[in-house]
Amino acid sequence: MEDKNLGVETLSEAVLNRLGNMLDNLKCGWKQLARALAEQPQFCCSDKELIDCSLKVLSPDGSPGRYLLALLADRGCTLAFLLQCLKKIEHREAVGFLTTHVMEQIDIKCQPQSQRVPEGRPVVLSCRAVGPVDLAYQWFKGKDEVPGGNGPELVLNPVNPAQQGPYICRVSSGDKYVFSDWAHVRLVRSGGTSAGSSSDYFPSSASGVYITRQPRPQVLMEGDTLYLECTAQANPPPKFQWYLNKQPMPNCTRSILKIPCITTADRGTYTCKVYNLYHEAWSDQVQVNIGPGSFSDPSWEAPKVGAPDAGPRQMGDCCATDKVALLIGNMNYLHHRQLRAPMADVHELTNLLRQLDFKVVSLLDLNWQEMHSAVTEFLLLLDRGVYGLLYFAGHGYENYGNSFMVPIDAPASYTFKHCLWVQDVLQRMQARQTGLNVFLLDMCRKRNPNDESIPQPGPLRVTANIVFGYATCVDAEAFEVNKDDLSNGIFMSFLKKRLMEPEKVTVILDKVAEDMGRCEITRGRQALELRSNLSERRALTDSIQAPACQVTASTRNLQWAIAHVLPESCCLQFECGVKVQLGFAAEFSNIMIIYSRILETPEDIVFCSAQLSDFTEGPEVDLKHSNQESLLEAGSLLLSMDDLLPLEQPQLFTRISALQRLKKELSFTVCLHYKYTNLDEEVLEEQRVSVGKPLVSKLNLHEPRLSPTSSSDRQISSIMDSSSFSESFRANLPDVNPFSIRSESTSWSCYQGPMESPTFASLKNEPEETTCPEFLESEEPPAIKSLPSASSQELPFKFSNLPTSI
């Protein structure tokens, strides 16, 4: 435990006196302990000190054992070494006291849950903890003790309006204590008009246990994270216990089971028991297969030599060695119309792909260098048999069959030199010997009048595994509907309804195209175009089978994992006695939310507020919208405060975007403003906090990348050469010499920044707008915007912010 590293001086006077009394005996006492301590020279007592210990018995309140402990405290003896010596002399009473009452921490295993109930129904709040044997419970409503609330369960039967509010439980043992999470009891009207009405929370008056989400079978490889979820509704609130192969799993008592870095020891049959005081239900039994050879289904077995052909493969026979997706949404262009839909589109697709076991990197607003670096890092995650998916929402164009994605820093008259060339990315993906390459391009495909160049890609391999899904057809625009700040683009509005279907990728996109064709808004204006040479029935829902090379898989997992690490929540103790908590949440791979709240305030302080300022250069922080009381005011439209902390907890939110531009550790100042009861002036106290390089900032996307011009490179050498792999991460990998694996025929060239084209300097890629009476008179007029290069006479309808265009 962490307390073992603390010193003897941290023990309270009462504990020291108690231990001293235990050591004041002849058979097994302070003299035997002094001899055991002598193993460490710094704790060896001189003859004079031992005589002084003996003489303490002559004092009325003297204790030789207490005096010896004082000597140990002065010399920096740790609790761990003291405990070791007590065990050596077999002083069982002192060992038990030190372990149970001092060093054993109170750990709350079951937190109380917030509830919405109709008036008159019973409410049971539960708080279960482990630790010392003499645990005591005390429930509070706000700051007031609840009479009779001195047990692990607080029963309100029946609940009335006066009992609404926040509840918390204090678990204590002696002078140690911890508090549970806040639980909020709210009453709902019997009519059930609110989101938390009785019809939603209590499907029937029987108050049984109702499982609303069952866990799903999984096929993973070693090093992955196992994620199972079982949700339920019940009154009293449900409790959970996960089982593996019919045996209860210790400390697995939440609705979500998460096991990082799994091994083959974690495979088997999982199920979850959901119960409360009166009822019990069991989830479905699901099989979790991990690693090569772990598949019990005969369909995974390789055919025997000489066995007859089993005939054509059926849907579900295909599998991936892994699934990786890079999602880029560009909105805030420097020299072009800003867009609205990419943020909602990328967020929507991220959630869907994660349900399909994709490793997803989601990024907003990338410049030229960052887009190239992000694609290079994405390629490092690809390997033989991996499913790779690239989604882009933003401005774009197409010339002579070549598609180009426009970064946010593209000049007004850009050419292919300022953009990312899709066909080049495809060629580099093929070199990774992937199992499936999917491109979803939610951008316009109008010609760019500023770019007459025809770049020639190298020869593409015949792989029969390529799927292009264009949001619109050649020489046409793609649109977004402006209903609110979180509206999807037209393409994503239809795609999200079909993506989870267990069908071949091309079948999914065909259905999306048919759906778009039936929509009156898009008919004749935007039509999905599908290009594919996919010869197998591969689907995004295909399961994952571990590759034969575990070193490559582990390296790829590490490369992805380092880009998704959030700082740990921490607490700051200020000199005035105020305790402040900092928490962190990821909105995208390059956008993070920091929230601060006051945990403890001394009685003589009447007001205090913790605000963040003075951030490290690089990331973008809108100072006008920082330290806001709601996520919406802080600029986050996607996260909910209920996902972070209860609404009743005062807190301030700050949104940090563009983390990919962070060149050193992220640090900021926490400014604590407070007032004392007897003073009118506000006092300021500051602490500087450093949280390292969170999320995608570890990949250093602002730095140029080396791009292989030969397809013979190997993945491990590519990852080892990547700038995102710091020395600390390389040290954790197997002893592999990257230069010994790199092919001698591999040549390298360095991407340089985009160059301004001197031609067409006077031309601007700006739209012209006209109005369509048909759209204005519709019941829900969708305001649509595009950035076409055509004249206004060719556009017989009104435009309003569109996801993509030249």
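1. Topic: the overall build of the protein
For step 1, the next point in the chain: Check the secondary structure of the protein and you find 17 helices and 40 strands.
For step 2, the next point in the chain: Looking at the protein as a whole, 52% of its 806 residues are labelled buried.
For step 3, the next point in the chain: Sequence-distant contacts, at least 24 apart, represent 72% of the contacts inside the protein between residues at least 6 apart.

2. Observations concerning the sheet that holds strand β29 (residues 466–470)
For step 1, the next point in the chain: The 6 strands are arranged β23-β22-β24-β28-β29-β30 in an open sheet whose pairing can be described as mixed. Whereas interior strands pair on both sides, the edge strands pair on one side only; in this sheet they are β23 (359–364) and β30 (529–532). Direction aside, the axes of adjacent strands within the sheet are offset by 10° on average.
For step 2, the next point in the chain: As paired strands, strand β22 (residues 322–329) and strand β24 (residues 386–393) are joined by 8 bridges and run parallel to one another. Bridge pairing links D322 to V386 in β24.
For step 3, the next point in the chain: Each of β24, β28 (436–442) and β29 is contacted by helix α10 (residues 422–430), which is oriented at about 165° to β28, the strand it contacts most.

3. Here we look at empty space enclosed by the protein
Regions of empty space are outlined by a rolling probe, equal in size to a water molecule, passed over the atoms.
For step 1, the next point in the chain: Applying the stated criterion across every chain, the model contains 4 cavities of 30 Å³ or more.
For step 2, the next point in the chain: A volume near 110 Å³ is recorded for the largest cavity.
For step 3, the next point in the chain: Considering the residues around the largest cavity, the lining is formed by 14 residues, among which V361, E377, F378, L381 and L699 are closest to the centre.
For step 4, the next point in the chain: When residues of the lining of the largest cavity are traced back to their parent elements, those giving at least two are β22, β23, α9 (368–380) and α13 (550–561).
For step 5, the next point in the chain: A total of 3 residues in the lining of the largest cavity trace back to one element, the largest contributor, which is α9.
For step 6, the next point in the chain: Its residues assigned to classes, the lining of the largest cavity shows 12 nonpolar, 1 polar and 1 charged.
For step 7, the next point in the chain: Every residue along the wall of the second largest cavity is listed here: V438, L440, L495, L499, E503, V505, I508, L509 and L540.

4. Thoughts on the sheet that holds strand β34 (residues 591–600)
Pairing between the strands of a sheet is mediated by backbone hydrogen bonds and can be parallel or antiparallel.
For step 1, the next point in the chain: The sheet built from 4 strands is open, its strands ordered β32-β33-β34-β36 with antiparallel pairing. The strands lining the two open edges of the sheet, one partner per strand, are β32 (570–573) and β36 (652–656). Each strand axis lies, on average, 25° off the axis of its neighbour in the sheet, ignoring direction.
For step 2, the next point in the chain: The sheet contact formed by β34 and β36 spans 5 bridges and is antiparallel. What sits directly across from M592, in β36, is I656.
For step 3, the next point in the chain: Across the sheet, helix α8 (residues 341–355) is in contact with β33 (579–588) and β36; its angle to β33 comes to roughly 90°.

5. Quick look at the environment of G120
For step 1, the next point in the chain: Among the secondary structure elements, G120 is positioned in the loop between β2 (115–118) and β3 (123–126).
For step 2, the next point in the chain: Sequence separation of G120 and V159 is 39 residues, and the distance between their C-alpha atoms is 5.2 Å.
For step 3, the next point in the chain: Excluding its chain neighbours within four sequence positions, the residues that come into contact with G120 are P158 and V159.

6. Digging into the pattern of salt bridges
For step 1, the next point in the chain: A full pass over the atoms with the stated rule returns 27 salt bridges.
For step 2, the next point in the chain: K446 serves as the salt-bridge partner of D475, at 3.8 Å between the closest nitrogen and oxygen. Residue D475 is found in the loop between β29 and α11 (490–495), and its partner K446 is found in the loop between β28 and β29; the two are separated by 29 residues along the sequence.
For step 3, the next point in the chain: Residue D475 is classed as partly exposed on the basis of its relative accessible area of 44%.

7. Remarks on a nonpolar patch on the surface
For step 1, the next point in the chain: On the surface, I51, L55, V57 and L58 cluster together to form a nonpolar patch covering roughly 420 Å² of accessible area.
For step 2, the next point in the chain: Residue position: L55 is located in helix α3 (residues 47–55).

8. Let's talk about the packing of helix α2 (residues 30–37) against helix α4 (residues 64–74)
Think of two packed helices as two axes; the pair is described by the angle between the axes and how far apart they sit.
For step 1, the next point in the chain: It is the contact of α2 with α4, at a shortest axis distance of 9 Å, that shows an interaxial angle of 20°. In terms of orientation, α2 and α4 fall into the roughly parallel class. Residues W30, L33, A34 and L37 of α2 form the contact with α4, whose participating residues are P64, G65, L68 and L72.
For step 2, the next point in the chain: Of the residues assigned to the contact of α2 with α4, the class counts are 7 nonpolar, 1 polar and no charged.

9. Observations concerning the state of the cysteines
For step 1, the next point in the chain: Considering all chains together, one arrives at 0 disulfides under this definition.
For step 2, the next point in the chain: Counting only cysteine sulfurs, C169 is the nearest neighbor of C127, a cysteine outside any disulfide, at a range of 4.0 Å.
For step 3, the next point in the chain: Judged by relative accessible area, which is 0%, C127 ranks as buried.
For step 4, the next point in the chain: Free of any disulfide, C272 has its nearest cysteine sulfur in C230, 4.2 Å distant.
For step 5, the next point in the chain: Overall, C272 belongs to the buried group, its relative accessible area being 0%.

10. Focus on the environment of E617
For step 1, the next point in the chain: Tracing the chain through its elements places E617 in the loop between β35 (605–613) and β36.
For step 2, the next point in the chain: On the basis of relative accessible area, E617 is assigned to the exposed category, the value being 72%.
For step 3, the next point in the chain: Each C-alpha atom, one on E617 and one on R661, is 8.5 Å from the other, the two residues being 44 residues apart in sequence.

11. Focus: the confidence of the model for the protein
For step 1, the next point in the chain: Per-residue pLDDT for the protein has a mean of 76; in total, 76% of the residues score no lower than 70.
For step 2, the next point in the chain: Confidence drops under a pLDDT of 50 for residues 292–316, and excluding neighbours within four residues, the segment shows 24 contacts in the predicted structure.
For step 3, the next point in the chain: Confidence drops under pLDDT 50 across residues 707–806; counting only partners more than four residues distant or on other chains, this segment forms 249 contacts.

12. A few points about the pairing of strand β25 (residues 396–399)
Along any regular strand, the residues point their side chains to alternate faces of the sheet.
For step 1, the next point in the chain: Of the two faces of β25, the one lined by G396 and E398 and the one lined by Y397 and N399 are each fully buried.
For step 2, the next point in the chain: Note: β25 against strand β26 (residues 402–405), 4 bridges, orientation antiparallel. Bridge pairing in β26 links Y397 to F404.
For step 3, the next point in the chain: In textbook terms, the turn of a hairpin is the stretch between consecutive antiparallel strands, and for β25 and β26 this stretch comprises 2 residues, one of which, Y400, has a positive phi near 55°.

13. Some points on the nonpolar core
For step 1, the next point in the chain: Core analysis: the largest hydrophobic core is formed by 43 residues, its most contacted members being L326, L363, F392, M405, F439, L441 and F468.
For step 2, the next point in the chain: Ranked by residue count, the leading element in this core is α9, at 5 residues.
For step 3, the next point in the chain: For L363, the residues in contact, after removing those within four places along its chain, are L326, L327, I328, G329, A374, S589, N590, V696 and L701.
For step 4, the next point in the chain: Listed in part, the 42 residues of the second largest apolar core include M343, L389, M492 and L528.

14. Some words on the side chain of R597
For step 1, the next point in the chain: Its location among the elements puts R597 in strand β34.
For step 2, the next point in the chain: Buried and unpaired, R597 has no salt bridge, with D181 as the nearest side chain of opposite charge at 6.2 Å.
For step 3, the next point in the chain: Side chain to side chain, R597 and Q581 meet in a polar contact 2.5 Å long.

What counts, and where the lines are drawn
- Residues numbered from 1 in each chain as written.
- Predicted model: local features only at pLDDT ≥ 70, side-chain atom pairs only at ≥ 80, totals over all residues.
- Heavy atoms only, no water.
- Helix = DSSP H or I, 4+ residues; strand = E, 2+ residues; numbered from the N terminus.
- Buried < 20%, exposed > 50% of the residue type's maximum accessible area, 1.4 Å probe, protein only.
- Contact = heavy atoms within 4.5 Å.
- Pairing = 2+ DSSP bridges.
- Axes fitted to C-alpha atoms, helices over the stretch in contact; angles between N-to-C directions.
- 1 Å grid on protein atoms, 1.4 Å probe; cavity = no way out; pocket = protein on both sides within 12 Å on 5 of 7 lines; lining within 4 Å.
- Points joined across faces, edges and corners; volume = space filled by probe spheres on them.
- Nonpolar A, V, L, I, M, F, W, Y, C, P; charged D, E, K, R; others polar.
- Salt bridge = Lys/Arg side-chain N within 4 Å of Asp/Glu carboxyl O.
- Patch = residues over 30% accessible without salt bridge, like charges linked within 9 Å, V, L, I, M, F, W, Y side chains within 5 Å.
- Areas by Shrake-Rupley, 256 points an atom, 1.4 Å probe, with all protein chains shown as cover.
- Parallel < 35°, antiparallel > 145°, perpendicular 65-115°, else oblique.
- Disulfide = S-S within 2.5 Å.
- pLDDT = per-residue confidence, 0-100.
- Core = buried A, V, L, I, M, F, W, Y, C linked by side-chain atoms within 4.5 Å.
- Lys, Arg positive; Asp, Glu negative; His and termini not counted.
- Polar contact = N/O pair within 3.5 Å; in protein donor to acceptor, adjacent residues only side chain to side chain.

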